[in-house]
Amino acid sequence: CHGTGTPTGDRVEVKSLTALWEGASGPCAIGSVKSMIGHLLTGAGIAAFIKVLLGMANETLPPSLHCDQPVEPLEGGPGGAESGPGFYVPGAARPWPRRADGVPRRAAVSGFGFGGVNAHLLVEEPVPSPEIPSWRSVDEPVAIVGMACRLGPLMSLREFQECLFRGETAIGPRPASRWPLPGDVPGAWIDRLDVPVGKFKLPPNDIPGTLPQQLLLMDVAARAVEDAGLAPGRHERAGAFVGIALDMNTTNFHLRWAVPHLFPGLDPATLAVLREAASPVLDANRVMGALGSIAASRLARELGLGGPSFAISADDLSGTVSLELAVRALQRGDLDWAVAAAVDLAGDVRAVRCGSRPLSGEVPRPFDAMAAGTAVGEGAVALVLRRLSEVTDERVYAVVRGVATSTADLKTAMRRALRDVSAGSVSLVVAHGAGEPTEDLSELDALVDTYGEGDLPCAITSVTPSVGTAGAVAGLASVAAAATALYQEILPPLRGFESPLRRLDSTRLHVPRAAHYWLRDRVDGPRRAAASALSREGIFGHVVLEGFEHAPDAHADERARPLGAP
């Protein structure tokens, strides 16, 4: 059990287990590892798992220490109980027999987390038996049925689409309100975030203590779910997978505590002023508002998602990994709906000054010989997914045909994502294209090696000139661009491109200078696009998407004037 030792929490856990066990036969031992080693927080679940594995390996039920008066309806204590249909607490180690020949020993591990996340793991020893099913992943296409975003000053998916197709940029000067330091750093900045009181299930007093990333995420994800037509209510078989980076403002608390050591000998009044300048007092609301994992929990509560909901941090691959996990959960049949989202306010002065990618001081020019660096990007993107076979009358932006990540190189990620489709059938690649020459040249080499051969032309573009490099959101921003291009049947241009870092004359690859219709011969099959993501930590991701054939007059209003009014 999780078994933190708090009476209320332990009773709730035992009550849930008792309800689950109703109708079962035979006794079941119950215990916790925390009486031995305390609460390891993020390591608590794996510590309990190790206890179970050691018990199985030694065919011994391990004891649970210091349980002299078990909470009702448990039996046990120092001597424990060995009969009856319910749970008991073994106070000493004892043999762990199998229930019958050929039936493996089985155990379960429970875990709770901040924000209402609950987990339950079932494990059994490897005993060969024809009764044990073999599980496998089903490679079923997954549809993107809802999308929303806010990227810099672009407030919606429509604004992002028009900016991308027109070859415009949302990159501008740094707002004066962001840093009280000299020097301009261009970027796609989010200058303000308005959260109407009562819009989300957040008490008004909690909002000031909640870091903006969580509020931005909830706003964008809620709009994506609305876009997908998912009715309000409880959705037990839906989950949320959130890519999120460290918000540097969480370090403000440490600075507040460090002030007396940094400036010893200050008088109390001056010390109090410096502490308040560093950070407000750390209270319960600020603790919850600063934890990245709470972002997924709050999102699940807001949207009524009853399935798994957790956060992923993998630098610029965070959003791509969230998409991969969501797709796999749908393909295994664990969920019916999934939200894959990412959020990052990467324009904090500490993140910018300490970043490993050079900033150009102007709009980035990916894959161009004049490229001099990237630009800051901020925002959030959310996708709503479901299995294509279960789509009825929903709008389908695109179909996910492959998604993969790799720590080897980008070509490995590409090869894995292209397992079910040929590279030659892809006609658009939304590359990472940060605008840093060395990184761009390496990515361009991978694109030529993977996509250079074929009969169909293949366009290369990047969202970086429009919205900068948006940290944890970068991968999903590229996916959203590729999905929008498939839905609108338009190839977006690469802004600012003049001369390539590498000649492409001998390949089918080309760089559009302006948006144009994505023509195709039906004999060649559906339109296909791909999106890449690269992290500074050496993680690579690739997503392959496919167009969906709507009726000619379906969603005509959305597909009219895709570049906006002239």
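Residues numbered from 1 in each chain as written. Predicted model: local features only at pLDDT ≥ 70, side-chain atom pairs only at ≥ 80, totals over all residues. Heavy atoms only, no water.

## Here's the deal with the nonpolar core
Consideration 1: Ile-144, Phe-160, Leu-385 and Leu-545 are the most contacted members of the largest nonpolar core, which has 60 residues in total.
Consideration 2: Of the residues forming this core, the biggest block, 10 residues, is contributed by helix 15 (residues 474–488).
Consideration 3: The next biggest cluster of nonpolar side chains, apart from the first, holds 33 residues, and it includes Ala-148, Leu-217, Val-343 and Ala-380. (Core = buried A, V, L, I, M, F, W, Y, C linked by side-chain atoms within 4.5 Å. Buried < 20%, exposed > 50% of the residue type's maximum accessible area, 1.4 Å probe, protein only. Helix = DSSP H or I, 4+ residues; strand = E, 2+ residues; numbered from the N terminus.)

## Focus: a nonpolar patch on the surface
Consideration 1: Residues Leu-255, Leu-262, Phe-263, Leu-266 and Leu-274 make up a contiguous nonpolar surface patch of about 410 Å² in total accessible area.
Consideration 2: Counting through the fold element by element, Phe-263 comes out in the loop between helix 6 (252–262) and helix 7 (268–278).
Consideration 3: Exposure remark for Phe-263: the relative accessible area of 43% places this residue in the partly exposed category. (Patch = residues over 30% accessible without salt bridge, like charges linked within 9 Å, V, L, I, M, F, W, Y side chains within 5 Å. Areas by Shrake-Rupley, 256 points an atom, 1.4 Å probe, with all protein chains shown as cover. Salt bridge = Lys/Arg side-chain N within 4 Å of Asp/Glu carboxyl O.)

## Side note on the packing of helix 12 (residues 410–417) against helix 13 (residues 437–451)
Consideration 1: Following both chains from N to C, one finds helix 12 and helix 13 inclined at 35 degrees, their axes separated by 9 Å at the closest point. For the crossing formed where helix 12 meets helix 13, the hand is right-handed. Residues Leu-410, Lys-411 and Met-414 of helix 12 pack against Glu-443, Ala-446, Leu-447, Asp-449, Thr-450 and Tyr-451 of helix 13.
Consideration 2: In terms of residue class, the contact of helix 12 with helix 13 is built from five nonpolar, one polar and three charged. (Axes fitted to C-alpha atoms, helices over the stretch in contact; angles between N-to-C directions. Left-handed = near helix turned anticlockwise from the far one by under 90°. Contact = heavy atoms within 4.5 Å. Nonpolar A, V, L, I, M, F, W, Y, C, P; charged D, E, K, R; others polar.)

## Digging into the packing of aromatic side chains
Aromatic rings in a pair are described by how distant their centres are and how their planes are angled relative to each other.
Consideration 1: Applying the stated criterion across every chain, the model contains two aromatic pairs.
Consideration 2: Where Phe-241 meets Phe-310, the ring centres are 5.2 Å apart and the plane angle is 85 degrees; that geometry is what we call edge-to-face. Here Phe-310 lies in strand 11 (residues 309–312) and Phe-241 lies in strand 10 (residues 238–244), a separation of 69 residues in the sequence.
Consideration 3: What makes Phe-310 partly exposed here is its relative accessible area of 35%.
Consideration 4: Ring centres of Tyr-397 and Tyr-487 lie 5.0 Å apart, and the angle between their planes is 65 degrees; this geometry places the pair in the edge-to-face category. Placement of Tyr-397 in the loop between strand 13 (376–387) and strand 14 (398–406) and of Tyr-487 in helix 15 is noted, with a sequence separation of 90 residues between them. By the burial criterion, Tyr-397 is buried, and Tyr-487 matches it. (Phe/Tyr/Trp six-rings, centres within 6.5 Å; stacked < 30°, edge-to-face > 60°.)

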